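Observations on the three-dimensional arrangement
So you can see what is in the structure, the chains are spelled out below.
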Amino acid sequence: QDPQPIETSQGEAEDSGEDSDGGWITPSNLKKHQEKDSSGSTESIQNVQSVLQVATLTTDFAMQNVLLQINLNLLSPTMQRVKHLKTYILRCHACFCTTKEMSKQFCPRCGSPTLTRVACSTTSNGEFKLHLKKNMQWNTRGDRFSIPKPVHGSANGRVQGGGKGHWGNDLILAEDQKEYTRHNEAEKRRKERDLMDEDYLPSILTGDRNSRAGGRMKVGGGRNVNSRKR
């Protein structure tokens, strides 16, 4: 018996032709591909507009870290952004005690002015990790010469002590010194000052340039103390 010819419809032939083309654009399926491209582009634009309404554009990694911590949308013109959020704590280089109070200058355990800022992170399992610097060395600049011994004064004020230039007087070496506590109380009053007060003048107008950054008091003799020995 002769094999009977199998009849195929026109739609099945087109489907088989599309499958055999392997995704190629042909004159027969050109309109379908154009409709897919147009519908896909409109859907993506609508999704972006519905989710990302306002965003901040910056290339500064420190600013990106702050924006991501406060849960704001972030865009980068160079397509480079931070991948891991960083937070910082203070770690004592002497006794390895850690504290989250970034305003401290003395270690709460040993009382030494050896606090350093260290990056830290928390994993998804709740594990707390410290990211220490590789081959970190403590800066010993200013420790070559000893602090001058305290010398009693005189009635006429000629003998003042403190070494050359009297740099050894009124040094802050501990957190419980009266000079340090007075400075902290004065800083608290300064922060509570009303900026809308008519009698208040900023430092740029008064010429006060002696205050340290952040209102932090100078601890010890400083790094340039050895130059005064010459």
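Residues numbered from 1 in each chain as written. Predicted model: local features only at pLDDT ≥ 70, side-chain atom pairs only at ≥ 80, totals over all residues. Heavy atoms only, no water.

Per an unreviewed UniProt entry, the protein is named 20S-pre-rRNA D-site endonuclease nob1, and its organism is Aureobasidium melanogenum.

In this structure, Leu90, Cys92, Cys95, Cys97, Cys107 and Leu115 together form the largest nonpolar core, which totals 6 residues. If near-sequence neighbours (up to four positions away) are discounted, cysteine 97 is found in contact with Leu90, Arg91, Cys92, Cys107, Pro108 and Arg109. (Core = buried A, V, L, I, M, F, W, Y, C linked by side-chain atoms within 4.5 Å. Buried < 20%, exposed > 50% of the residue type's maximum accessible area, 1.4 Å probe, protein only. Contact = heavy atoms within 4.5 Å.)

In the sheet, strand β3 (residues 87–92) pairs with strand β5 (residues 115–122) via 6 bridges, with the strands oriented antiparallel. Bridging across to β5, isoleucine 89 finds its partner in valine 118. For β3 and strand β4 (residues 98–99), the ladder comprises 2 bridges, and the chain directions are antiparallel. Bridge assignment links leucine 90 to a residue of β4, and that residue is threonine 99. Turn length for the β3-β4 hairpin, with the two strands adjacent in sequence and antiparallel, is 5 residues, and the turn residue phenylalanine 96 shows positive phi of about 65°. (Pairing = 2+ DSSP bridges. Helix = DSSP H or I, 4+ residues; strand = E, 2+ residues; numbered from the N terminus.)

One pass over the full model with this rule turns up 1 aromatic pair. Relative to tyrosine 180, the ring of phenylalanine 106 lies with its centre 5.3 Å away and its plane at 90°, an arrangement referred to as edge-to-face. A residue pair is termed long-range when its members are at least 10 positions apart, and phenylalanine 106 in the loop between β4 and β5 and tyrosine 180 in helix α4 (residues 178–191) qualify at 74 residues. The exposure classification of phenylalanine 106 matches that of tyrosine 180, with both residues buried. (Phe/Tyr/Trp six-rings, centres within 6.5 Å; stacked < 30°, edge-to-face > 60°.)

Moving on: helix α3 (residues 61–69). Those residues of α3 lying buried are Gln64, Asn65 and Leu67. Looking straight down α3, one finds its buried side chains confined to an arc of 165°; they lie on one side. Against β1 (56–57) and β2 (74–75) lie the buried residues of α3. Two to three positions downstream of the cap, the backbone nitrogen of alanine 62 sits 3.3 Å from a side-chain oxygen, assigning the N-cap of α3 to aspartate 60. In the stretch just after α3, asparagine 71 is the one whose phi turns positive, near 65°. (Arc of directions from axis to C-beta. Polar contact = N/O pair within 3.5 Å; in protein donor to acceptor, adjacent residues only side chain to side chain.)

To continue, consider the pairing of β5. Of the strand pairs in this sheet, β5 and strand β6 (residues 128–131) are connected by 4 bridges, and their pairing is antiparallel. Residue serine 121 lies in a different strand from β6, and its bridge partner there is lysine 129. Between the end of β5 and the start of β6, which pair antiparallel, lie 5 residues, with glycine 126 showing a positive phi angle near 85°.

Let us look at the confidence of the model for the protein. When pLDDT is low, close inspection of the predicted coordinates is not appropriate. Chain-level statistics for the protein give a pLDDT mean of 75 and a share of 73% at 70 or above. Confidence, read as mean pLDDT per element, is least for helix α1 (residues 10–21) in the protein (51) and greatest for β4 (93). Counted against residues more than four places away or in other chains, residues 41–49, with its pLDDT under 50, gives 0 contacts. (pLDDT = per-residue confidence, 0-100.)

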